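# Chains, contacts and geometry: an overview
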Amino acid sequence: MDVGERDISGTMCIGGADNEEPEIYAHFSSPLDDEGALAVTFVSPREDVPEFVLHGSAFELQAGTNFARTLILTDGTTVVGFAKHQPV
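All values derive from a computational prediction rather than experimental measurement.

## A few points about the pattern of salt bridges
Following the criterion strictly, the structure yields two salt bridges and no others. Measuring nitrogen to oxygen at the nearest pair gives 3.0 Å for the salt bridge that ties Asp48 to Arg46. Put simply, Glu23, Arg46 and Asp48 are held in one network by salt bridges that share partners.

Here is the structure:
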């Protein structure tokens, strides 16, 4: 996940266990507003996965020299979470 000052983007992969190459499931992106609200659009290279949008919030936490941003997204049925941790 890449986090800019005003947006987020990244790639969701599936597989990768047992020395298999992971498969790209979808690319995602969203602008990030001042309150951390998101409307994330997911676009998949797979023909069996239509474009979809999930809504949610971004949360930030700094503890010592570590920084974390977590996204919790849902459409009321599906819940997706992403986290990025890095040194400050």
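## Some remarks on the nonpolar core
Ranked by size, the top nonpolar core spans 14 residues in total, and within it Phe28, Leu38, Val40, Phe42, Leu73 and Phe82 carry the most contacts. When sequence neighbours within four positions are dropped, the list of residues in contact with Val40 reads Ile8, Phe28, Ser29, Ser30, Phe52, Val53, Leu54 and Leu73.

## A closer look at the pairing of strand β4 (residues 37-43)
Alternating positions in β4 separate cleanly, Leu38, Val40 and Phe42 being buried on one face and Ala37, Ala39, Thr41 and Val43 remaining unburied on the opposite face. Judged from the three bridges that link them, strand β3 (residues 23-31) and β4 form a sheet pairing that is antiparallel. Across the sheet, the residue bridging to Phe28 is Phe42, located in β4. Between the antiparallel neighbours β3 and β4 lie five residues, among them Gly36 with a positive phi of about 85°. In this structure, β4 lies alongside strand β5 (residues 52-63), joined through six bridges in antiparallel fashion. Bridging from a neighbouring strand, Leu38 pairs with Gly56 of β5.

Parameters at a glance
Residues numbered from 1 in each chain as written. Predicted model: local features only at pLDDT ≥ 70, side-chain atom pairs only at ≥ 80, totals over all residues. Heavy atoms only, no water. Salt bridge = Lys/Arg side-chain N within 4 Å of Asp/Glu carboxyl O. Core = buried A, V, L, I, M, F, W, Y, C linked by side-chain atoms within 4.5 Å. Buried < 20%, exposed > 50% of the residue type's maximum accessible area, 1.4 Å probe, protein only. Contact = heavy atoms within 4.5 Å. Helix = DSSP H or I, 4+ residues; strand = E, 2+ residues; numbered from the N terminus. Pairing = 2+ DSSP bridges.

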